[in-house]
Amino acid sequence: MISFQYARPANVADAVQQMAADPGAKFIAGGTNLLDLMKEDVERPTRLIDISRLPLKEVTQTREGGLRIGALVPNSDLAWHPLIERRYPIVASAILAGASQQLRNMASTGGNLLQRTRCYYFYDTATPCNKRQPGSGCSAINGLNRMHAILGTSDACIATHPSDMCVAMAVLDAKVHVAGPMGERAIAFADFHRLPGDEPQRDTTLEHDEIVTAVELPARGFPANYSYLKIRDRLSYAFALVSVAAALELDGGTIKEARLGLGGVAHKPWRDTAAEAALRDQPAGEAAFAQAADTALRGAKGYAHNAFKIELARRAIVRALTQAANGTPQSQSSKKIV
Ligand SMILES: Cc1cc2nc3c(=O)[nH]c(=O)nc-3n(C[C@H](O)[C@H](O)[C@H](O)COP(=O)(O)OP(=O)(O)OC[C@H]3O[C@@H](n4cnc5c(N)ncnc54)[C@H](O)[C@@H]3O)c2cc1C
Ligand code: SF4
């Protein structure tokens, strides 16, 4: 039996103070990832700080015309929120491509950002893993690496970030609002998740004593021309082998603005601004989309079991951009399941 303390903070300031006081503490929101990690003995928090009752469950419009999503808004509430469905359907589509309805009911916006990799060796405490135990080695580099990264890897870790929602938020230029003992700050989405480098144990730039309070979406949501395309081993309840978030603004047949992000291929949601730049002012069509795919994958490197992901990603990018341009997104069912 591994014992730990349990605390329910009164407010955000109290949560931060309790976290700062205990280097072994962890926040718990929906618990859909953290509890599994505790059961597998991957995480051993000395104290669980239960933030699930804090008042961070609102979705509000910002003065700048965007949306502020509280860190405790459940994934299912967010996906079916009328403003998300209407103005940011790529976020709804990405969320609904993930997990199951029951999990999405529990999973929070902040927890989704901070969910940990699904690398099998990370979960298997009998094997070396630099992310779980720094300096122990990486079992995946010369092991089973079919699900692993092809972009931004290091000699220390080739894990992927498993979130779907985050890929859509990355292409929208979202901001992550956090609070800590020194006050509040906003982190650009691109700077929130990290590449592994030689510190794969650090998934994000969040400090131990900081809490995510909200995610802010800017006004531009690309509601007309978008697609979130997720390729996986099963049609549901499976993590992405490759996913693509594509969003376009068109002027007739010409691309005025383009956003392109990939999931399942890197330690963070992978957004490629060079590929986006290559699309601007081009006719929306296969030639430009194939060029963007080549640009996005220029640094890709396959391992023994996952080299297929490079061609898979190339084709998925062209398909998602085609769906976006045609206004025929790879959406989930619009029928609400409760
Ligand atoms: C079987 C299964 C299938 C899944 N499939 C998918 C999928 O296909 N796609 C996908 O995207 N996801 C998938 N998920 C993951 C799921 O989306 C996450 O588990 C969920 O989003 C985590 O949210 P939570 O609130 O439950 O987080 P918790 O488990 O409570 O916490 C996760 C981590 O975040 C930290 N944390 C939580 N909230 C905050 C905060 N506000 N500030 C700072 N730290 C915080 C916790 O300390 C913990 O480290 C799946 C999960 C399961 C179990
Ligand atoms: S890929 Fe990363 S998470 Fe997986 S075994 Fe290697 S170090 Fe651990």
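Below: a short report on this structure.

## Some thoughts on the overall build of the chain
- Each helix and strand counted, the chain has 13 helices and twelve strands in total.
- In summary, the chain has a C-alpha radius of gyration of 19 Å against a globular reference of 20 Å for 338 residues, a match within 12%.
- Along the first, second and third principal axes, the C-alpha set of the chain runs to 60 × 50 × 40 Å.
- A burial count over the chain gives 54% of its 338 residues as buried.
- Within the chain, contacts between residues at least 6 apart in sequence are counted, and of these 65% link residues at least 24 apart.
- Surface exposure of the chain reaches about 15,100 Å², of which carbon and sulfur atoms provide 51%.

## Some details on the nonpolar core
- Formed by 54 residues in total, the largest nonpolar core has its most connected members in Leu78, Ile84, Ile90, Val91, Leu113, Met169 and Leu217.
- Looking at this core element by element, the count peaks at seven residues for helix α9 (residues 165-171).
- Ignoring any residue separated from it by four or fewer positions in sequence, one finds Leu217 in contact with Gly66, Leu67, Ile69, Ile84, Tyr88, Val91, Met169, Leu172 and Ala174.
- With 32 residues, the next largest nonpolar core counts Ile150, Ala246, Ala293 and Ile310 among its residues.

## Details of unusual backbone geometry
- Positioned with a positive phi, Tyr237 is a non-glycine residue whose angle comes to about 60°.
- The phi angle at Asp281 is positive, at roughly 65°, despite the residue not being glycine.
- Along the chain, Asp281 turns up in the loop between α11 (273-279) and α12 (286-296).
- Residue Asp281 is classed as exposed on the basis of its relative accessible area, which comes to 53%.

## A word on the sheet that holds strand β3 (residues 47-50)
- Read across the sheet, three strands follow the order β1-β3-β2 without closing on themselves; strand pairing throughout is parallel. Every interior strand has two partners, whereas the edge strands, β1 (5-7) and β2 (25-28), have only one. Across the sheet, the mean angle from the axis of one strand to that of its neighbour is 25°, orientation sign disregarded.
- Of the strand pairs in this sheet, β1 and β3 are connected by three bridges, and their pairing is parallel. From the neighbouring strand, Ala7 faces β3, where its bridge partner is Ile49.

## A closer look at the sheet that holds strand β6 (residues 175-180)
- Strand order in this open sheet of five strands is β4-β5-β8-β6-β7, and the pairing throughout is antiparallel. One side of each edge strand has no neighbouring strand; the edge strands of this open sheet are β4 (59-61) and β7 (183-188). Direction aside, the axes of adjacent strands within the sheet are offset by 25° on average.
- Pairing of β6 with strand β8 (residues 211-217) involves five bridges; the strand directions are antiparallel. Across the sheet, residue His177 finds its bridge partner in β8, namely Ala214.

## Comments concerning the site of ligand 1
- In the neighbourhood of ligand 1, 34 residues make up the surrounding shell, with Phe27, Gly31, Thr32, Ser108 and Asp164 lying closest.
- The backbone of Ala29 places a nitrogen or oxygen atom 2.8 Å from an oxygen atom of ligand 1.
- A distance of 2.9 Å is found between a nitrogen atom of ligand 1 and a backbone nitrogen or oxygen belonging to Val212.
- Isolated, ligand 1 exposes 980 Å² of accessible area, and the fraction of that covered by the protein chains is 93%.
- Sorting the residues of the shell around ligand 1 by element identifies β2, α2 (34-39), α7 (109-114) and β8 as the ones contributing at least two each.
- Ranked by residue count, the leading element in the shell around ligand 1 is α7, at four residues.
- Each residue belonging to the shell around ligand 1 can be placed in one class, and the counts come to 17 nonpolar, twelve polar and five charged.

## Thoughts on the environment of Phe27
- Mapped onto the elements of the fold, Phe27 is located in strand β2.
- Among residues more than four places away in sequence, those in contact with Phe27 are Ala15, Met19, Leu34, Ile49, Ile51, Glu210 and Ile211.

## A word on the pairing of strand β9 (residues 226-231)
- Most of β9 is tucked away: six of the six residues are buried.
- Every second residue of β9 is oriented toward a common face, with Tyr226, Tyr228 and Lys230 on one face and Ser227, Leu229 and Ile231 on the other, all of them buried.
- Where β9 and strand β10 (residues 242-251) come together, six bridges link them in antiparallel fashion. Paired with Lys230 across the strands is Ser243, a residue of β10.

## Some points on the environment of Ile187
- Of note, Ile187 is situated in strand β7.
- A C-alpha to C-alpha distance of 8.7 Å links Ile187 and Thr205, two positions 18 residues apart in sequence.
- Setting aside anything within four residues of it in sequence, one finds Ile187 in contact with Lys175, Val176, Val178, Phe192 and Thr205.

Reading the values: the criteria
- Residues numbered from 1 in each chain as written.
- Chains lettered and ligands numbered in written order.
- Predicted model: local features only at pLDDT ≥ 70, side-chain atom pairs only at ≥ 80, totals over all residues.
- Heavy atoms only, no water.
- Helix = DSSP H or I, 4+ residues; strand = E, 2+ residues; numbered from the N terminus.
- Rg over C-alpha atoms; globule rule 2.2 N^0.38 Å.
- Buried < 20%, exposed > 50% of the residue type's maximum accessible area, 1.4 Å probe, protein only.
- Contact = heavy atoms within 4.5 Å.
- Areas by Shrake-Rupley, 256 points an atom, 1.4 Å probe, with all protein chains shown as cover.
- Core = buried A, V, L, I, M, F, W, Y, C linked by side-chain atoms within 4.5 Å.
- Pairing = 2+ DSSP bridges.
- Axes fitted to C-alpha atoms, helices over the stretch in contact; angles between N-to-C directions.
- Near = heavy atom within 4 Å.
- Polar contact = N/O pair within 3.5 Å; in protein donor to acceptor, adjacent residues only side chain to side chain.
- Nonpolar A, V, L, I, M, F, W, Y, C, P; charged D, E, K, R; others polar.

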